[in-house]
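The chain contents come next:
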Amino acid sequence: ETRLVGIVGGDFPKEHLEAFKARNIDTAGLQVDDAGKTFHWTGKYEGDMNEAHTLGVSLNVLGEYKAAVPDSYRDSQYVFLANDHPRTQLDVLASVKGKPFAMADTRDFWISEEPDGLAEVLRRVDGMVMNEQEAQMLTGHTNLVKAGIDIMGRGPEFVMVKKGEHGALLFCSEGIFA
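Visitor: Let's hear about the packing of helix H2 (residues 86–95) against helix H4 (residues 115–124): which residues, and what values?
Guide: Contact geometry of H2 with H4 gives a least axis separation of 8 Å together with a crossing angle of 35°. Regarding H2 and H4, the two cross each other, and that crossing is left-handed. Residue-level contacts link Pro86, Gln89, Leu90, Leu93 and Ala94 of H2 to Gly117, Leu118, Glu120, Val121 and Arg124 of H4. Here the contact of H2 with H4 is built from residues that sort into six nonpolar, two polar and two charged.

What follows is the structure, encoded as structure tokens:
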């Protein structure tokens, strides 16, 4: 069962909301702020298309968003925290009963703008997903093995570092898998 928590602005295409419903995605946790605009990232990919460069971030309705997790979602056993504001990720995680299996994603913007919040997310999740550029930015290590091990030392039991067309690295207690 897929349940969605988040916020979009009045500019969010209605056909996308219908597409969620057509795929049996529960959107009771999705807020629509008709007066606001949806979060917007502007960037470019260069060279081999594995490295994204952020040109601009417009938080819009996401900037003041306080996650509202419906009561019917609080029994979720699995939680994926998309690359949202760390404060929102922590709010969602705190809204779920017990200790669900939780994974998180992040982006360069949160690494540079919200390092303390991201550090708390890392302490609270079971797994973390990020691309190689973000792993290097977070840890200061250019070597991805050192970066993955460093991130695991910050809390998650496993870390997945995406390498674009070159696959991914998985770090866990059993070892490192490519």
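Let us keep going from here.
Visitor: How would you sum up the packing of aromatic side chains? Please name residues and give values.
Guide: Within the structure shown, the criterion is met by four aromatic pairs. Aromatic pair Phe101 and Phe158: ring centres 6.0 Å apart, planes at 15°, arrangement stacked. Remark: Phe158 occurs in strand E8 (residues 158–162) and Phe101 occurs in strand E6 (residues 101–105); sequence separation between them is 57 residues. Taking relative accessible area as the criterion, Phe101 reaches 36% and is therefore assigned partly exposed. Accessibility expressed as a relative area gives 16% for Phe158, which makes it buried. Three or more aromatic residues joined by ring pairs make a cluster, and in this case those are Tyr78, Phe101 and Phe158.

Visitor: Report on the sheet that holds strand E10 (residues 175–177), specifying residues and quantitative values.
Guide: Taken together, six strands build an open sheet; the order of strands is E5-E6-E7-E8-E9-E10 and the sheet is mixed. Two strands bound the open sheet, and with one partner strand each, they are strand E5 (78–81) and E10. Neighbour to neighbour, the strand axes of the sheet diverge by 15° on average, direction disregarded. Strand direction decides the pairing type here: strand E7 (residues 127–131) and E8, joined by five bridges, are parallel. When the sheet's bridge partners are listed, Met128 is paired in E8 with Val159. Taken strand by strand, H2 contacts E5 and E6, and its axis lies near 170° from that of E5.

Visitor: Explain helix H5 (residues 132–139) to me, and be specific about the residues and the numbers.
Guide: Along H5, the residues classified as buried are Glu134, Ala135, Leu138 and Thr139. Considered in projection along H5, the buried side chains sweep an arc of 115° and stay on one side of the axis. Along its buried surface, H5 packs onto helix H3 (108–113), H4, E7, helix H6 (144–152) and E8. By the N-cap criterion, in which a side-chain oxygen at the helix start approaches the backbone nitrogen of a residue two or three places on, H5 is capped by Asn131, the distance to Gln133 being 3.1 Å. Where H5 terminates, the next one or two residues include Gly140, which has phi positive at roughly 80°.

Conventions we followed
- Residues numbered from 1 in each chain as written.
- Predicted model: local features only at pLDDT ≥ 70, side-chain atom pairs only at ≥ 80, totals over all residues.
- Heavy atoms only, no water.
- Axes fitted to C-alpha atoms, helices over the stretch in contact; angles between N-to-C directions.
- Helix = DSSP H or I, 4+ residues; strand = E, 2+ residues; numbered from the N terminus.
- Left-handed = near helix turned anticlockwise from the far one by under 90°.
- Contact = heavy atoms within 4.5 Å.
- Nonpolar A, V, L, I, M, F, W, Y, C, P; charged D, E, K, R; others polar.
- Phe/Tyr/Trp six-rings, centres within 6.5 Å; stacked < 30°, edge-to-face > 60°.
- Buried < 20%, exposed > 50% of the residue type's maximum accessible area, 1.4 Å probe, protein only.
- Pairing = 2+ DSSP bridges.
- Arc of directions from axis to C-beta.
- Polar contact = N/O pair within 3.5 Å; in protein donor to acceptor, adjacent residues only side chain to side chain.

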